[in-house]
Structure formats: structure tokens, C-alpha cells
Amino acid sequence: MFRLVLLLLCCAAPAGAGCRLALALAVDVSRSIDAQDYVIQTDGLAGALANKEVRTAIFGPEGKVALAIYYWSGKGYQDLVQPWVILDSPEALDAAIWAVRRTPRPEAPLATALGDALSYGLDLMGDAPDCERRVIDVAGDGQNNEGISVARTYEREDFTGITVNGLAVGEHEADIVDYYADEVIRGPGAFVELAPRQADYPAAIQRKLLRELRGPMIGALRRPDPARL
């Protein structure tokens, strides 16, 4: 019996050795995002990934995190800024941050093809490492106005096992939070984070990343709580 127990202990996988989260960040760069907004978004996302609390959550003992980042706007326009990478070292995370900072804003002002952006995210998830949770984190400031609708995308595509969270930027559309809550988010523990203005994006994306890295909260609100904004 002692030998059997010893063998089982030796062969067991170490705790936290696997990948706990595959996180795809989808960033809106449509025509409503002007040059100043783009700088705010870029600095905000890079700063959030570099934040000490976020880094601690990424390199926690629960397991590794895989990250991919893509920018989206009009139909057929998705730019893979950061292909899938396992964040297994500070250097790997720093390289992803640099990929965000060095990517220029698209020159052509394009529409908001959110349905296509989600479909692209689903295809991207097909190439993700094998992780316990799979999350698409989509940020935007407007409703779908080109290409396939969000509802139709969900009807024809299989998002089983994938959580879609939203970061709604309320600069241009007053009902954008309701749209994201009712039409965009889906899956286990899905939620919407709110940035009332573009200037609030850096704080909102940091809150959102921490919530995603720490996992679903039982009984959490699906809509953001205005009292804490």
C-alpha cells in the first residue's frame, strides 16, 4: 500500500501546472474611435496589463494564462495584434504589452461589425491552448451596424464553453450597456463592465481584467453597478 501511494504522489500532475484561462481581448477601432480615443485605449490596455495587481493575478498559483489580442472594426477587418501566447514569464507579458503599444491606428474609418468580430474571436479560440476557461473580452462603443448581426452570429456559430464578456464605452450611445448586456454577453459568469467615457477606459479595462483573471463570481451582477463608477 505504501508503494502504491508513493507511486500516485510521484505521478500526479503538480497543482496549477495547466492553463486555467484562454483570454482573447477584442478591441474596437472603428470610425467612432478617433486618434485621441485610440491613444487612451492603447495606453489604457497596455497600462492595465502592466499593472502590479493584474500581473500578480496573471502569475498566480492557480495555473497559467494564455492571451491573444485583436483589433476589429468593419466587416472583414480584424487585425491580430498578439497571437496566442502562454504568459509564463514577465518577459512574455512585456512582449504582449509592446505589441499593443507598437500597433498603429487603422487609417481607414470603418463601421462597427461586431457580429463579424465575435465570429473571428470564435475562430481564434479554435487555435487557443487547452485551458480550463475560454473567454472573449470584447470592448466597444457602438452597436453592430455592418455585416452579420450579433444575434445571427450566435444562432449559426457554436459558442459552447466560451464566455463572452463586454466592456461598453458610453461616450456615443446612451443605451450601449443594455445592448451589451442583452445582445452581446453570453456564457458562464458573463458580465458587462462600463466606461462612461473614453477617459474612463483605462480604469474599466483594469477592473475587467482582474475580474476575468480571478474567475466567475457566484451571484455577480451581469450589468455594471453605477454606484461604484
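It should be noted that the structure appears before, not after, this text.
Here's a quick rundown of the structure. (Residues numbered from 1 in each chain as written. Predicted model: local features only at pLDDT ≥ 70, side-chain atom pairs only at ≥ 80, totals over all residues. Heavy atoms only, no water.)

## Let's talk about the environment of Gly215
Next up, step 1: When you line up the elements, Gly215 lands in the segment after α8 (201-214).
Next up, step 2: Placed 194 residues apart in sequence, Gly215 and Leu21 show a C-alpha to C-alpha distance of 8.8 Å. (Helix = DSSP H or I, 4+ residues; strand = E, 2+ residues; numbered from the N terminus.)

## Side note on the state of the cysteines
Next up, step 1: Going through the model one piece at a time under the given rule, you end up with 1 disulfide.
Next up, step 2: Cys19 shares a disulfide with Cys131; S-S distance 2.0 Å. Because the sign of the S-S torsion sets the handedness, a value of about 75° for the bond joining Cys19 and Cys131 places this disulfide among the right-handed ones. One end of the pair, Cys19, is in strand β1 (residues 19-28); the other, Cys131, is in strand β4 (residues 131-140), and 112 residues separate them in sequence. Just as Cys19 is buried, Cys131 falls in that class too. (Disulfide = S-S within 2.5 Å. Buried < 20%, exposed > 50% of the residue type's maximum accessible area, 1.4 Å probe, protein only.)

## Considerations on the packing of aromatic side chains
Next up, step 1: As enumerated under the stated definition, the model contains 4 aromatic pairs in all.
Next up, step 2: Arranged with centres 6.1 Å apart and planes meeting at 90°, the rings of Tyr38 and Tyr71 form a pair that is edge-to-face. Placement of the pair is Tyr38 in helix α2 (residues 35-50) and Tyr71 in strand β2 (residues 64-72), with a sequence separation of 33 residues. As far as burial versus exposure is concerned, Tyr38 and Tyr71 are alike and both buried.
Next up, step 3: Look at Tyr70 and Tyr120: their rings are 4.8 Å apart centre to centre, the planes differ by 55°, and that puts the pair in the tilted class. (Phe/Tyr/Trp six-rings, centres within 6.5 Å; stacked < 30°, edge-to-face > 60°.)

## Here we look at the packing of α2 against α8
Next up, step 1: Look at α2 against α8: their axes get within 8 Å of each other, and the N-to-C directions meet at 35°. For α2 against α8, the interelement crossing comes out right-handed. Counting all contacts with α2, which are made through Ile40, Gln41, Gly44, Leu45, Ala48 and Leu49, the residues of α8 involved are Tyr201, Pro202, Ile205, Gln206 and Leu209. (Axes fitted to C-alpha atoms, helices over the stretch in contact; angles between N-to-C directions. Left-handed = near helix turned anticlockwise from the far one by under 90°. Contact = heavy atoms within 4.5 Å.)

## Quick notes on the environment of Ala48
Next up, step 1: Looking at the secondary structure, you find Ala48 in helix α2.
Next up, step 2: Ala48 gets classed as buried once you look at its relative accessible area, which sits at 1%.
Next up, step 3: Along the sequence, Ala48 and Ile97 sit 49 residues apart, while their C-alpha atoms lie 9.4 Å from each other.
Next up, step 4: If we skip the residues at most four places from it in the chain, Ala48 touches Val54, Ile205, Gln206 and Leu209.

This is a description of form; function is not addressed.
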